[in-house]
Amino acid sequence: MTTDIELPNGGEAGVPLHDEGDGRRPPGRHPDVVSRLWERFRRKPPKTAFVLSGGGNMGALQVGMLRALLERRIRPDLVLGCSIGALNGCALAAEPTLGMVGRLQEVWLDLEDKDVLPHALLPSTVQLARRGSAIHSADGLRSIIESVLEDRWSRFEDLAVPFGCVATDLARAEEHWFDSGPLVEPILASAAIPAVFPPVEIDGVSYLDGAIVNDVPLSRAVELGATKIYALHVGSFDRPRPEPRRPLDVAMQAYWIARRHRFKRDLASLPAGVDVMVLPTGEAPALRFNDLRHSDSLIAASYMASVAYLDAAPTDARAPEEAPKPAQ
């Protein structure tokens, strides 16, 4: 087969490209130019993934990161979420616009008066004596999820961008990915913090927080073909932590260490050709796990830090053909 192309930079037009089917450089009188064009035709387009980690009330940080990304015309071909990142990620996958980011910001700023998290991590004597698997109902969290999704996005198939969220299969002790069917229950399962929220049963299987097994699911993004990954990682284990003073402190640190270990291992074992940018959180304050009063400062801190980080990144980390627009 012979294809005529016009060569750039003063080259001769009509030089034939012969597809010999053996993977060799195509012959021609301008081998360097033709070779570059040949490789461009054969190269697969990059696939960009946004990976949103767990982090509880620190999930507000992801709102600022998302705003910085979208203002720079960086949009995902795939969105993956874990725990609170499943909620934020699903909203973005439904409508990857600055308008949706603004809506997410309003949701986070309104959480202070919502009964989403328990008032204390240590349960009362009554709670300890009560039978059950959790100290708090997930009704408040379910209400938030439903309010974000409205009636427009009830299933994974309704979303504008492919989306998946991870939860922990208790019986099999392994991660399970949801990417089809109804949305609310999988997101609720992905965010079911152990002992805080009850396990979520889906099709006869009980699930808990996806962060138990894969808090920052880089490996899943690679499996699905992502070549450019933006990690919106907001877990607290990268920030200074005080020395443990109680048995509970030791248990919590062990939990964070396990999550941190998986993330470091996945980051170190990325295959060639996959780039990961871990967005910064900025000067995020140390907060109690149930403190939802500082979402505005968290969003502002991550936004400013992410803007500086992305603007200093190589030009291929953003869409250079379009200048950023002001936040909407």
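Quick notes on the rules
Residues numbered from 1 in each chain as written. Predicted model: local features only at pLDDT ≥ 70, side-chain atom pairs only at ≥ 80, totals over all residues. Heavy atoms only, no water. Helix = DSSP H or I, 4+ residues; strand = E, 2+ residues; numbered from the N terminus. Buried < 20%, exposed > 50% of the residue type's maximum accessible area, 1.4 Å probe, protein only. Contact = heavy atoms within 4.5 Å. Areas by Shrake-Rupley, 256 points an atom, 1.4 Å probe, with all protein chains shown as cover. Salt bridge = Lys/Arg side-chain N within 4 Å of Asp/Glu carboxyl O. Phe/Tyr/Trp six-rings, centres within 6.5 Å; stacked < 30°, edge-to-face > 60°. Core = buried A, V, L, I, M, F, W, Y, C linked by side-chain atoms within 4.5 Å. Pairing = 2+ DSSP bridges. Right-handed = clockwise from strand over helix to strand, strands pointing away. pLDDT = per-residue confidence, 0-100.

Caption draft 1: Seen up close, the overall build of the protein chain. Counting its secondary structure elements, the protein chain contains 11 helices and 10 strands. In the protein chain, which comprises 328 residues, the proportion classed as buried is 46%. A sequence separation of at least 24 residues applies to 72% of the contacts in the protein chain between residues at least 6 apart. If you sum the accessible surface of the protein chain, you get close to 16900 Å²; carbon and sulfur atoms cover 53% of it.

Caption draft 2: Structural context of the pattern of salt bridges. Applying the stated criterion across every chain, the model contains 12 salt bridges. Here Arg 155 ties to Glu 157 by a salt bridge, and the two come within 3.5 Å at their closest N and O atoms. Overall, the relative accessible area of 47% leaves Glu 157 in the partly exposed class. Glu 175 is the salt-bridge partner of Arg 262, the closest N and O atoms lying 3.5 Å from each other. Of this pair, Arg 262 sits in helix H10 (residues 247-268) while Glu 175 is found in strand S6 (residues 174-178), placing the two residues 87 residues apart along the sequence. Shared partners join several salt bridges into a network, and the residues in it are Glu 95, Arg 103, Glu 150 and Arg 152.

Caption draft 3: Expanded view of the packing of aromatic side chains. By the definition in use, this model includes 3 aromatic pairs. Ring centres of Phe 156 and Phe 163 lie 5.8 Å apart, and the angle between their planes is 20°; this geometry places the pair in the stacked category. Under the relative-accessibility criterion, Phe 163 is labelled buried at 6%. Arranged with centres 5.1 Å apart and planes meeting at 75°, the rings of Phe 178 and Tyr 207 form a pair that is edge-to-face. One end of the pair, Phe 178, is in strand S6; the other, Tyr 207, is in strand S8 (residues 205-209), with 29 residues separating them in the sequence. A relative accessible area of 8% means that Phe 178 is categorised as buried.

Caption draft 4: Main features of the nonpolar core. In terms of nonpolar packing, the biggest core is built from 66 residues, with Phe 163, Leu 183 and Tyr 230 touching the most fellow members. Excluding residues within four positions of it along the chain, Leu 183 makes contact with Cys 90, Leu 149, Trp 153, Ser 154, Arg 155, Phe 156, Leu 159 and Phe 163. Counting 16 residues, the second largest nonpolar core, distinct from the first, contains Leu 78, Cys 82, Val 216 and Val 274.

Caption draft 5: Just the pairing of strand S3 (residues 48-52), in detail. Burial analysis of S3 places 5 of its 5 residues in the buried class, which makes it a mostly covered element. Side chains of S3 alternate between two faces, with Thr 48, Phe 50 and Leu 52 and Ala 49 and Val 51 buried alike. In the sheet, S3 pairs with strand S9 (residues 228-232) via 5 bridges, with the strands oriented parallel. Counterpart to Phe 50 in the pairing with S9 is Tyr 230. Examined bridge by bridge, S3 and strand S4 (residues 78-82) share 4 bridges and lie parallel to one another. By the bridge assignment for S4, Leu 52 is matched with Gly 81. Between S3 and its parallel partner S4, the chain crosses via helix H2 (residues 60-71), and the hand of that crossover is right-handed.

Caption draft 6: Up close: the confidence of the model for the protein chain. Residues with a pLDDT of 70 or more make up 65% of the protein chain, whose mean pLDDT is 79. The low-confidence segment residues 318-328, where pLDDT is below 50, has 22 contacts with residues more than four positions distant or belonging to other chains.

Caption draft 7: Looking closely at the side chain of Thr 48. Checked against the element boundaries, Thr 48 lands in strand S3. Not counting residues up to four positions away in its chain, the partners in contact with Thr 48 are Arg 75, Pro 76, Asp 77, Leu 78, Lys 228 and Tyr 230.

Caption draft 8: Layout of unusual backbone geometry. The phi angle at Arg 73 is positive, at roughly 60°, despite the residue not being glycine. One can find Arg 73 in the loop between H2 and S4. What makes Arg 73 buried here is its relative accessible area of 14%. Phi at Ser 83 takes a positive value of approximately 55°, unusual for a residue other than glycine. Mapped onto the elements, Ser 83 comes out in the loop between S4 and helix H3 (84-94).

Caption draft 9: The environment of Ile 144, seen in detail. Along the chain, Ile 144 falls in helix H6 (residues 139-149). Counting along the chain gives 33 residues from Ile 144 to Leu 111, while the straight-line C-alpha distance between them is 8.7 Å.

Caption draft 10: Representation of the pairing of strand S5 (residues 163-169) within the structure. Extensive coverage of S5 is indicated by the burial of 7 of its 7 residues. As paired strands, S4 and S5 are joined by 4 bridges and run parallel to one another. Following the sheet pairing, Val 79 is matched in S5 by Phe 163. With 5 bridges joining them, S5 and S6 adopt antiparallel strand pairing.

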